[in-house]
Amino acid sequence: MAAHSDDPLQHPEVQQASVFGYTAGFLATLALLGAALLLTEGHLMPPEQLLGGISGLALIALLAQCFLSFGLDITSHNIWKSVSLILTVPLFILTIGLTVWMFQQLDALTMIPGASVMPGMTMQPTLLQ
Amino acid sequence: MAVKIVADGKLPPLWHYGHEEHDVIASKTFGFWLYMLSDALIFAGIFAAYGVLDHTMNAAGGPTEAQIVHPIAAFWQTIAVLSSVFAYSLATVALKHGNRLGLMLGIVAAILLGGVFMALELKDFADLYAQGATAQTSGFLSAFFLIIATHGLHMIFGLIWLLVMLAQILRLGLTAPVVAQLLNLRLFWQFQAAIWVCVYVFVYLKGAI
Amino acid sequence: MLTPFPGPWSVLFGRLTWAAIPYNNPIIIFAFVFTAVAGLLIVAPVLYFKKIPYLYREWLTTVDHKKIGVMYIILGLVMMFRGFVDGMMIRTQQVMADGPHSAGYLEAAHGYLPPDHFDQIYSSHGTLMIIFAATPILTGLGNIIVPLQIGARDMAYPMMNAISFWLTAMGAMLVMASLFIGDFSSAGWVGLIPLTEVSFSPSTGVDYWMWAIQISSVGTTLNAINVIATIVNMRAPGMRWDRLPIFTWTTLSTSVIGLTSFPILGVALALLGADRYLGTHFFTAGMGGNLMLYTNLFWIWGHPEVYFLVLPAFGIISEVIPTFAEKPLFGYVTMVAATFAIAGISWTVWLHHFFTMGAGPLVNSFFSVATMVVGIPTGVKVFNWLFTLYRGRLTFATPMLWAVGALFLLLIGGLTGMMLAIPAVNYTVHNSVFVIAHFHCMVLLIVYAAFAAVTFWFPKVFGFRLDERTGKWFFATFSIGTALLFTAMFGLGFMGETRRLDYLYNTQWFPALVIEEIGVGFYTLSCLFFFAMLFVSIRDRAKNIVGADAWGTARTLEWMTHSPVPFYNFAVTPQVNSRDELSWRYANKAAGIAPDHFVPIHMPNNTPVPIIIGALAFGFGFGLTWRIWWLAGLSLLGIIAVVIYRSFTRDKGYELTGAMMAKLEQEAPRGIIAESQYLSKAGAH
């Protein structure tokens, strides 16, 4: 590890705090989520596209937070955080994406169409004697 | 790859006699970041569960998504949590300049705004319970409450941590371990805002489509 | 209560009553007597020689990675023994209960174990072996060796290291408690759903299982953080990424898997816990639950988990073979690449554990192809090991025997795994003992690698070699047992024997079952040889004392420390100049060059915080299992309070000056035992 002066306040991770960055991150996230809210409440897109639209806005908000709030970059004190995050992102996609896909296929193959309104789906399981 | 032989008499140094430097702060924040990644994967699992359980059949005849999510009301929660994170981030700017008072005021503001967030969320829960929509009503509602409650639990944990940091600053001053904890808390608190983005969009907004 | 369960409940004791103690079950009584006698045999000498203060000072409050590693390995070996006894009981029941005319003893209609007891035994067998035997042994090995291999003085977070150990140990204690108070889960080590729901498993067994795994998972996740931070941040000067020993690379990759996959297990079990305690409907059969969601979440963890276990084994093999072939590892770069390829791809294959659950041909194909792809980097590794052996100067010391034996098991296990990767084949053998034989080949290769590592690094840690003769007998009997048992089991799988059966209807299976039981007999013999090996080695230790390079042909940095390793590891941090640093020093005639002066070093202090957190974690788990809410609540608050209290500490460890270092180095190398008395001699305390 590179030597730093003994004052902890001079550490690069303390010094990387920036009013501009945090304000920009705050406002950007607020604005993007507000836009997503408007899109949804105002039904400004057809439903199938709407989900894609708000997902896209969420993604941009998260990216904005990465750069502006978390301050992730490739400087020596942040690079490992950035690398580990980038390597972890595919795992989110795999966990959620493959699960949802798998269950869509499963439902299509095993669930009777219209099963959601069947009366039998409201029973409590009882204790086996 | 054969072992490299150096020319005679030109052995490079074999031992490192330098003073052992140990960057306490970088060491602690990297470890905490790794913990945050594992925490993020907890949420990945929970979102995967929600993705499976948010179908009509999982509502078991009870309330469905569209009936219980209120995106506009939840937007107030969004403002509260983002402001709380912003307040704490500004507190760390004060830390950068050695401004202890600013730091502590920022922490107090973050606590108050975080408290507002939790109050709004608990009120929402109470309303839902009054309507008979509880976590025990159906698989869908179990998943719904799970996401919100897990995020809420993290928020409560963070509020306790903010209080503890106030005490640490007063008692220990701005030593390297205390500063490291403040940086960790910043990562944790900012992470709550990031997760809330996902919760807001994929639970509240998606439910209202 | 939010979920209805049978039996009484009181505020003070929750569901715990005298009826929870199985005093009319002769098998449990025997187990209790055995455990009590074994416990007494260990505790009595400790008390007699007045070693409690020593134990507390040097082991229970230690933050030294080597001692923590040793404790992990001891825990793992003890739990492996109990898991082996469970396995022996399963085998014996099946060979006794074959056919409608097979006799029944001890209240069983056939064999000697009634169905529910049999179910608990295979559930605890799996849980103990995977979570509480293999994982602790491999974690312990990583704990001891990785800091030494990178030239560091300790792990990045020494106190958290100790906390990880105690959490794991407390999880194991919960499983042990289930033997004598209450019962254990009957739903398999995976927790078959919806059997694990409270309506179908109303006793506390599933709760024991659930909390034991949850608590130890926290320990494993914290350990993963520790290992990654250590390898990234604490390498000695000159220890570049392309010079990192291969065992350290595999441990890094393992920890990445652990960090990312264990949270999903936490989610799966937490959701099950919510169903059992709060009456939610995540996995219930009805009310909008989805049974397959549990299976899905469990195996999202479950598959990376098996790579979490096998990658350190591969790393161990990659250290042992070059040492005893006196050649550098063939294909270092491809080995590292293959390791991370395996780790990455392992995240995309989990559905192959439930091909038959109806996701359909499209989904099955994706996961099938991904499963086959993960075999490619594994194959790369096998060939690299073979090319390392080729034209090497081979010495078949005990570690080498274990490592090469592991290669054979990998071959069979891997090939049968590729068979199982084909959905068409999988549909015919799913849930048969063919699958059991396949994965036992894989976990046995892990066990072989673990024994290779233990015999390989034992001299480094304790300063004397293990006896070779008894060690070879141990290996031979263990291997014969393995060969007999699992060859027969593959055959039985093709003949249609389903898994988890307490009674077998087909008497044509009897010969194969007998062969399996003979295999178990050999395993039992091997246990005796293991204890004999320990006994003989300790008795004759003066004759087998070793220097720094215990085997004479070592290659990596850890073999540059004294044997046994002093508590400070290296007196002066080494400057690394090459991959296989020790081989480089040998080749350049620099191996004997010691540091010419000493510099101050900084060491952490011992602390009772980890064991206190462990004890509170046990209280938390036990309290939740028996629904003793005050105990669970107070334990949780206690943990939070201790953590907060500790965060205010001003403890910065202690410093050893250059003069003290010189004195410590001058006297005979200090070991893993009793550091404090030498510290005070050197003037540190």
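Treat the numbers as computed from the prediction; the structure is a model and nothing was measured. (Residues numbered from 1 in each chain as written. Chains lettered and ligands numbered in written order. Predicted model: local features only at pLDDT ≥ 70, side-chain atom pairs only at ≥ 80, totals over all residues. Heavy atoms only, no water.)

Q: I keep staring at the interface of chain A and chain B and nothing clicks. Help me out?
A: Accessible area lost upon the coming together of the parts is a frequently used measure of interface size. Contacts between the two partners involve 53 residues from chain A, matched on the other side by 54 residues from chain B. Between chain A and chain B, roughly 4,800 Å² of surface is buried when both sides are summed, and carbon and sulfur atoms account for 79% of that area. Contact with chain B buries surface across chain A, with A:Tyr22, A:Leu33 and A:Phe70 losing the most and accounting together for 13% of the total. Linking chain A to chain B there are 10 residue pairs in polar contact (both at pLDDT 80 or more). Going through the elements one at a time, α1 (12-15), α2 (19-41), α3 (47-69) and α4 (79-110) of chain A are the ones with two or more residues in the side of chain A that touches chain B. Of all the elements, α4(A) adds the most residues to the side of chain A that touches chain B, at 13 residues. In the side of chain A that touches chain B, the residues fall into 31 nonpolar, 18 polar and four charged. (Contact = heavy atoms within 4.5 Å. Buried area = accessible area lost by both parts, 1.4 Å probe. Polar contact = N/O pair within 3.5 Å; in protein donor to acceptor, adjacent residues only side chain to side chain. Helix = DSSP H or I, 4+ residues; strand = E, 2+ residues; numbered from the N terminus. Nonpolar A, V, L, I, M, F, W, Y, C, P; charged D, E, K, R; others polar.)

Q: I would appreciate a short explanation of the nonpolar core in the present structure.
A: Nonpolar side chains in soluble globular proteins tend to end up buried together. In this structure, A:Met102, B:Phe144, B:Leu182, C:Ile316, C:Trp385 and C:Leu445 are the most contacted members of the largest nonpolar core, which totals 313 residues. Ranked by residues supplied to this core, first place goes to helix α13 (residues 433-462) of chain C with 22 residues. Not counting chain neighbours up to four residues away, the residues in contact with A:Met102 comprise C:Met292, C:Asn296, C:Trp350, C:Leu351, C:Phe354, C:Ala359, C:Val363 and C:Phe367. C:Phe567, C:Ala571, C:Ile601 and C:Leu656 belong to the second largest nonpolar core, which has 10 residues in total. (Core = buried A, V, L, I, M, F, W, Y, C linked by side-chain atoms within 4.5 Å. Buried < 20%, exposed > 50% of the residue type's maximum accessible area, 1.4 Å probe, protein only.)

Q: It is not clear to me how helix α4 (residues 115-149) of chain C should be interpreted in this structure. Could you clarify?
A: Residues and elements named next belong to chain C. In this model α4 runs 49 Å from its N-terminal to its C-terminal C-alpha over 35 residues, within 8% of the 51 Å that 1.5 Å per residue would give. Where α4 bends most, the angle comes to about 35°, and this point is Leu128. Within α4, 32 of the 35 residues are buried, which leaves it mostly tucked inside the rest of the structure. At the exit of α4 stands Gly151, carrying a positive phi of roughly 80°. (Expected span 1.5 Å × (residues − 1). Bend = angle between axes of the 7 residues up to and from the residue.)

Q: Can you walk me through the pattern of salt bridges in this structure?
A: Side chains that differ in charge, positive against negative, can pair when their charged atoms come close. With the rule as written, the count across this model stands at 18 salt bridges over all chains. In this structure, C:Arg57 and C:Glu58 form a salt bridge, with 3.4 Å as the shortest nitrogen-oxygen distance. The salt bridge partner of C:Arg276 is C:Asp207, with a shortest N-O separation of 2.8 Å. Taken together, the residues span a long stretch of sequence, with C:Arg276 in helix α7 (residues 246-278) and C:Asp207 in helix α6 (residues 205-233) at a distance of 69 residues. The network of salt bridges with shared partners includes B:Asp54, B:Glu65 and B:Lys206. (Salt bridge = Lys/Arg side-chain N within 4 Å of Asp/Glu carboxyl O.)

Q: Honestly, empty space enclosed by the protein in this entry has me stumped. Any pointers?
A: Scanning the entire structure with this criterion turns up six cavities of 30 Å³ or more. Of the pockets and cavities examined, the largest cavity occupies roughly 140 Å³. In this structure, the largest cavity is lined by 14 residues; those nearest its centre are C:Leu138, C:Thr139, C:Asn223, C:Thr254 and C:Phe308. Those elements that provide at least two residues to the lining of the largest cavity are α4, α6, α7 and α8 (291-325) of chain C. The greatest single-element share of the lining of the largest cavity, amounting to five residues, is contributed by α4(C). Per-class residue counts for the lining of the largest cavity are five nonpolar, nine polar and no charged. Reported here for the second largest cavity is a volume of approximately 100 Å³. Taken together, A:Tyr22, A:Gly25, A:Phe26, A:Thr29, A:Gln65, A:Ser69, B:Leu82, B:Val85, B:Phe86, B:Ser89, B:Gln190 and B:Ala193 make up the full set of residues lining the second largest cavity. Class assignment of the residues belonging to the lining of the second largest cavity gives a composition of six nonpolar, six polar and no charged. (1 Å grid on protein atoms, 1.4 Å probe; cavity = no way out; pocket = protein on both sides within 12 Å on 5 of 7 lines; lining within 4 Å. Points joined across faces, edges and corners; volume = space filled by probe spheres on them.)

Q: What should I look at first to understand unusual backbone geometry in this one?
A: Comment: phi is negative for the bulk of residues other than glycine, and the bulk of peptide bonds are trans. Residues and elements named next belong to chain C. Ile193 connects to Pro194 through a cis peptide bond whose omega is -5°. With respect to the element layout, Pro194 can be found in the loop between α5 (158-180) and α6. Here Ser563 and Pro564 are connected by a cis peptide whose omega angle stands at -10°. Structurally, Pro564 can be placed in the loop between α15 (510-539) and α16 (581-587). Even without being a glycine, Glu326 presents a positive backbone phi close to 50°. On the secondary structure map, Glu326 appears in the loop between α8 and α9 (332-345). One non-glycine residue, Lys589, lies in positive phi territory at about 55°. You can see Lys589 is positioned in the loop between α16 and β1 (601-603). Under the relative-accessibility criterion, Lys589 is labelled exposed at 72%.

Q: Can you walk me through the packing of aromatic side chains in this structure?
A: Any aromatic ring pair is given by two values, namely how distant the centres are and how the planes are angled relative to each other. Residues and elements named next belong to chain C. If you walk through the whole model with that rule in mind, you get 80 aromatic pairs over all chains. On the basis of an interplanar angle of 40° and a centroid distance of 5.0 Å, the ring pair of Trp402 and Phe451 is categorised as tilted. With Trp402 in helix α11 (residues 398-420) and Phe451 in helix α13, this residue pair connects regions lying 49 residues apart in the sequence. Between Trp473 and Phe529, the ring centres sit 5.4 Å apart and the planes meet at 15°, which makes this aromatic pair stacked. With Trp473 in helix α14 (residues 468-494) and Phe529 in helix α15, the pair connects residues that are 56 residues apart, well separated along the chain. For Trp473, a relative accessible area of 48% gives the class partly exposed. In textbook terms, an aromatic cluster arises when at least three aromatic residues are bridged by ring pairs, as seen for Phe34, Phe81, Phe84, Trp402, Tyr448, Phe451, Phe474, Phe475, Phe478, Tyr523, Phe530 and Phe531. The ring centre of Tyr54 lies 4.7 Å from the NZ or CZ of Lys51, which sits over that ring. (Phe/Tyr/Trp six-rings, centres within 6.5 Å; stacked < 30°, edge-to-face > 60°. Lys NZ or Arg CZ within 6 Å of the ring centre and 35° of its normal.)

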